[in-house]
Amino acid sequence: MKILVIGSGGREHAIVRKLRRDEARAGDDRQLAIFAAPGNAGISGMAECVAIGAEDIDALLRFALTERIDLTIVGPEAPLAQGISDRFAEAGLRVFGPSQSAARIEASKSFARAQMAQACVPSPAYRVFRELDDAIAYVHAFAGPVVVKADGLAAGKGVTVAANATEAEQALRAIMAERVFGQAGDEVVIEEFLDGRELSVMAFVDANGYALMPAIEDHKQVGDGDQGPNTGGMGTYTPAYAATDTVMKSVREHVFDRMMAQWRRLGVVYRGVLFAGLMVVNGRPYVIEFNARFGDPETQLALELLDTDLLTVIDAVLADRVRELALSWSSDAALCVVLAAEGYPEAPRKGDTISGLIDTDSSFVYTLHAGTAFDGQGRTVTNGGRVLNVVARGDTIAQARARAYTVADSVVYAGKHYRTDIGARR
Ligand code: AMP
Ligand code: GLY
């Protein structure tokens, strides 16, 4: 069987690793040829990396048809927003990832907010603006901190948590006047700032139902104690402290059940992973955003703990039978530390030589690659903002933490930085 994984991050390395783990477990019954486009230095050890960018849909489609790929798994949001799933399906190819219209829940924040409002999904108060002057007047009139968001995809940089109206105004001018995110800034969403604890809940979703994955807490700010600018995610752990039974009941009933009902009313079919980024405030979850894909670095933990065969789950989703599966999850704790590049998130530097990579592939702790590549001499170098992910599991979060940090400490490259408090706050 031939599988193509699209993307180049730690999430995609985790997907390839899980496919290989399942393959080993299946024995002679399964032989996989795995390709990654474009992949990274670490992925190249377990799959064939193909030099096609994740957004070059024409070239990806040609490759998949020529190679007769049996299944394509899409990692990042950009190709989904551009309709890769529709294109592949039209060509008769099997693809795991929602259609362009379903993925709009991530690709347009104003669309997503309107859907949530119609579905009565718990959300912060929000307003959508197309005119800069109106938006500026609104942030000056609003009592309290606000969050300013470019409507479209902005590679995780389109959101500003503004401490006051002046900061909000700066963000609005950058998006709507300077057009730093181009068309993604045609509209802005201004939201009430919710002060709480972040929680990521992903689910495998199909036309008939969904299966939740374990709840995970990501650490978004670049620095310890949640200081500094937001990033794509600096580290994760599970079980998340905020995910109490009451919170998870509300996540099922008020978030996932209501979105499923909304899609049923509208005749939208969503097949893939739905990621709810939540803020838990006073024991209640509110949706900050939906993503139409696996989270990064949430997936690194979810797939580490998933005992069920991933291809079985994907087959079930594509056949609209996911709710018939009883997914099996390890009850271990797991934790992931992201090692970032000099200058991340503002202006990550590339090309720093990495050493001290211990080739541990113990089942307790190992390193996944994200922004890495080989240089002309075959050395592994940094090649993106988030460089490596150390993943560990343990009986407790404390044990997983200790294991992860031992490996994180031993990696060496110029400008390496990481948070030292992943999973530390109860
Ligand atoms: P988003 O891209 O919408 O997930 O926003 C990125 C990050 O900004 C989130 O993970 C939160 O840390 C923060 N954020 C976004 N919206 C809000 C909000 N309404 N209240 C508080 N924090 C928010
Ligand atoms: N870790 C958050 C995301 O994948 O968007």
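Residues numbered from 1 in each chain as written. Chains lettered and ligands numbered in written order. Predicted model: local features only at pLDDT ≥ 70, side-chain atom pairs only at ≥ 80, totals over all residues. Heavy atoms only, no water.

**Student:** Looking at this structure, how should I read the overall build of the protein?
**Tutor:** The helix and strand tally for the protein stands at 12 helices and 22 strands. Referenced to the eigenvectors of the C-alpha coordinate spread, the extents of the protein come out at roughly 65 × 50 × 45 Å. A burial count over the protein gives 56% of its 426 residues as buried. Contacts in the protein between residues at least 24 apart in sequence constitute 69% of all its contacts with a sequence separation of at least 6. On the protein, the mean spot of the 44 positive side-chain charges and the mean spot of the 55 negative ones are 3 Å from each other. (Helix = DSSP H or I, 4+ residues; strand = E, 2+ residues; numbered from the N terminus. Buried < 20%, exposed > 50% of the residue type's maximum accessible area, 1.4 Å probe, protein only. Contact = heavy atoms within 4.5 Å. Lys, Arg positive; Asp, Glu negative; His and termini not counted. Charge placed at Lys NZ, Arg CZ, Asp CG, Glu CD.)

**Student:** Any chance you could explain the site of ligand 2 here in plain terms?
**Tutor:** The immediate surroundings of ligand 2 are formed by Asp218, Lys220, Gly232, Phe275, Asn291, Arg293, Gly295, Asp296, Pro297 and Glu298. Within the side chain of Asn291, a nitrogen or oxygen atom sits 3.3 Å from an oxygen atom of ligand 2. Contact between ligand 2 and Arg293: an oxygen atom at 2.9 Å from a side-chain N or O atom of the residue. Summarising the interface, the protein chains cover 91% of the accessible area of ligand 2, which totals 200 Å² for the free molecule. The class makeup of the residues in the shell around ligand 2 is two nonpolar, three polar and five charged. (Near = heavy atom within 4 Å. Polar contact = N/O pair within 3.5 Å; in protein donor to acceptor, adjacent residues only side chain to side chain. Areas by Shrake-Rupley, 256 points an atom, 1.4 Å probe, with all protein chains shown as cover. Nonpolar A, V, L, I, M, F, W, Y, C, P; charged D, E, K, R; others polar.)

**Student:** What am I meant to see in the site of ligand 1 here?
**Tutor:** Within the structure, ligand 1 sits among 16 residues, and Glu191, Leu194, Glu198, Lys220 and Glu289 are positioned closest to it. Separating an oxygen atom of ligand 1 from a side-chain N or O atom of Lys109 is a distance of 3.3 Å. Between ligand 1 and Lys149, the relevant distance is 2.9 Å, taken from an oxygen atom to a side-chain nitrogen or oxygen of the residue. The fraction of the free accessible surface of ligand 1 (480 Å²) that becomes covered by protein chains is 92%.

**Student:** What's the story with helix α9 (residues 245-266) in this structure? I'm lost.
**Tutor:** For the α-helix, the turn length of 3.6 residues means that residues three or four positions removed from each other point alike. Compared with the 32 Å implied by 1.5 Å per residue over 22 residues, the 30 Å span of α9 between its first and last C-alpha is a close match. Roughly 30° is the biggest bend found in α9, and it falls at Asp257. By the burial criterion, the buried members of α9 are Val247, Met248, Ser250, Val251, Val255, Phe256, Met259, Met260, Gln262 and Trp263. Contacts made by the buried residues of α9 are with α5 (100-107), α6 (109-119), β10 (197-205), β11 (210-212), β16 (272-281) and β17 (284-291). Gly267 sits one or two positions beyond α9 and adopts a positive phi of about 75°. (Expected span 1.5 Å × (residues − 1). Bend = angle between axes of the 7 residues up to and from the residue.)

**Student:** Sorry, what's going on with the nonpolar core here?
**Tutor:** The tendency in soluble globular proteins is for nonpolar side chains to be buried as a group. Grouped together as the largest cluster of nonpolar side chains are 52 residues, with contacts concentrated most on Leu199, Val201, Phe256 and Phe290. Here this core gets eight residues from one element, more than from any other, and that element is α9. Residues contacting Phe256, with those up to four places away along its chain left out, are Val201, Ala203, Tyr210, Leu212, Val251, Leu274 and Ala276. By size, the runner-up hydrophobic cluster in this structure holds 39 residues, among which are Ala47, Met202, Phe204 and Leu310. (Core = buried A, V, L, I, M, F, W, Y, C linked by side-chain atoms within 4.5 Å.)

**Student:** Would you mind showing me how to read the sheet that holds β17 here?
**Tutor:** Within a sheet, adjacent strands bond to each other through the backbone by hydrogen bonds, running parallel or antiparallel. The four strands lie next to each other as β11-β10-β16-β17, forming an open sheet whose pairing is antiparallel. The sheet is open, and its two edges are formed by β11 and β17, each paired on a single side. Each strand axis lies, on average, 35° off the axis of its neighbour in the sheet, ignoring direction. Pairing of β10 with β16, which is carried by nine bridges, proceeds in the antiparallel orientation. Its bridge partner being in β16, Val201 is matched across the sheet by Ala276. (Pairing = 2+ DSSP bridges. Axes fitted to C-alpha atoms, helices over the stretch in contact; angles between N-to-C directions.)

**Student:** Would you take a moment to explain the pattern of salt bridges for this structure?
**Tutor:** Between side chains of opposite charge, pairing is possible as soon as their charged atoms come close. Counted by the stated rule, this structure contains 27 salt bridges. In this structure, Arg271 and Asp320 form a salt bridge, with 2.7 Å as the shortest nitrogen-oxygen distance. Of the two residues, Arg271 is situated in the loop between α9 and β16 and Asp320 in the loop between α11 (310-318) and β18 (333-340); the sequence distance between them amounts to 49 residues. Judged by relative accessible area, which is 29%, Arg271 ranks as partly exposed. (Salt bridge = Lys/Arg side-chain N within 4 Å of Asp/Glu carboxyl O.)

**Student:** For this particular structure, what's the right way to read helix α7 (residues 132-141)?
**Tutor:** Looking only at α7, the buried set comprises Leu132, Ala135, Ile136, Tyr138 and Val139. Buried residues along α7 cover an arc of 160° about the axis, so they all sit on one side. Exposed positions of α7 whose direction lies more than 90 degrees from the buried face are Asp133 and Ala141. (Arc of directions from axis to C-beta.)

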